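# Descriptive analysis of the structure
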Amino acid sequence: MNATATTTATTAQELAERYIAAWNETDPAARRALVDATWAEDGRYTDPLVAAEGRDAIDATLGAVQAQFPGLVFRLGGPVDDHHDIARFTWELGPADGEALVVGFDVLVADAEGRIAQVLGFLDKVPSV
């Protein structure tokens, strides 16, 4: 996701940060604008709990997660590692100033335009019910 791997100067770090920002954006119109700017039109998101294809489904997924975990925020859990158009990173979900309640690991694939074509997500730590 460096400048030689895509037609834009978007780095893997920048793309991952925009991805996390979309998960945190609670204003529906602003969130949708982030989804449209960050995701390919036919982008796909898959984790153990959901499979979403296309911007409408991805936006709906983000809104549903926000409703399920009100007041919690996503953050990168460490550096973004990338090669070619693929990046991997850990993320955390928890209170802004507290310990993560959920921890996951995502693999992100960018398209030639520097947008997200696919994310494959894994959950490493989930709250017990």
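Residues numbered from 1 in each chain as written. Predicted model: local features only at pLDDT ≥ 70, side-chain atom pairs only at ≥ 80, totals over all residues. Heavy atoms only, no water.

With a phi angle near 50°, His84 is a residue other than glycine that sits in the positive phi range. Here His84 shows up in the loop between β4 (81-83) and β5 (86-94). (Helix = DSSP H or I, 4+ residues; strand = E, 2+ residues; numbered from the N terminus.)

Where helix α2 (residues 28-38) contacts helix α3 (residues 55-68), the two axes come as close as 10 Å, and the packing angle between them is 135°. Viewed along their axes, α2 and α3 adopt a mutual orientation that is oblique. Seen from above, α2 lies across α3 with right-handed handedness. Residues Arg31, Arg32, Val35 and Asp36 of α2 pack against Arg55, Asp56, Ile58, Asp59, Leu62, Gly63 and Gln66 of α3. When grouped by side-chain class, the residues that make up the contact of α2 with α3 number three nonpolar, two polar and six charged. (Axes fitted to C-alpha atoms, helices over the stretch in contact; angles between N-to-C directions. Parallel < 35°, antiparallel > 145°, perpendicular 65-115°, else oblique. Left-handed = near helix turned anticlockwise from the far one by under 90°. Contact = heavy atoms within 4.5 Å. Nonpolar A, V, L, I, M, F, W, Y, C, P; charged D, E, K, R; others polar.)

All right, on to the side chain of Asp106 then. Along the chain, Asp106 turns up in strand β6 (residues 102-110). This buried residue, Asp106, is left without a salt bridge; Arg88 holds the nearest opposite charge, at 12 Å. Here the side chain of Asp106 touches Tyr19 through a polar contact of 2.5 Å, side chain to side chain. (Buried < 20%, exposed > 50% of the residue type's maximum accessible area, 1.4 Å probe, protein only. Lys, Arg positive; Asp, Glu negative; His and termini not counted. Salt bridge = Lys/Arg side-chain N within 4 Å of Asp/Glu carboxyl O. Polar contact = N/O pair within 3.5 Å; in protein donor to acceptor, adjacent residues only side chain to side chain.)

Proteins that are soluble and globular tend to have nonpolar side chains buried together. Ranked by internal contacts, the top residues of the largest apolar core, which has 25 residues, are Tyr19, Trp39 and Tyr45. Ranked by residue count, the leading element in this core is helix α1 (residues 12-24), at seven residues. Those residues within four positions of Trp39 in sequence are excluded, and the remaining contacts are Tyr19, Arg44, Tyr45, Arg55, Ile58, Arg115, Ile116 and Val119. (Core = buried A, V, L, I, M, F, W, Y, C linked by side-chain atoms within 4.5 Å.)

Direction vectors running N to C along α1 and α2 enclose 150°, while the axes themselves pass 9 Å from each other. Judged by the inter-axis angle, α1 sits roughly antiparallel to α2. In terms of crossing hand, the pair formed by α1 and α2 is left-handed. The residues of α2 that touch α1, namely those facing Leu15, Arg18, Tyr19, Ala21 and Ala22, are Arg31, Leu34, Ala37 and Thr38. Its residues assigned to classes, the contact of α1 with α2 comprises six nonpolar, one polar and two charged.

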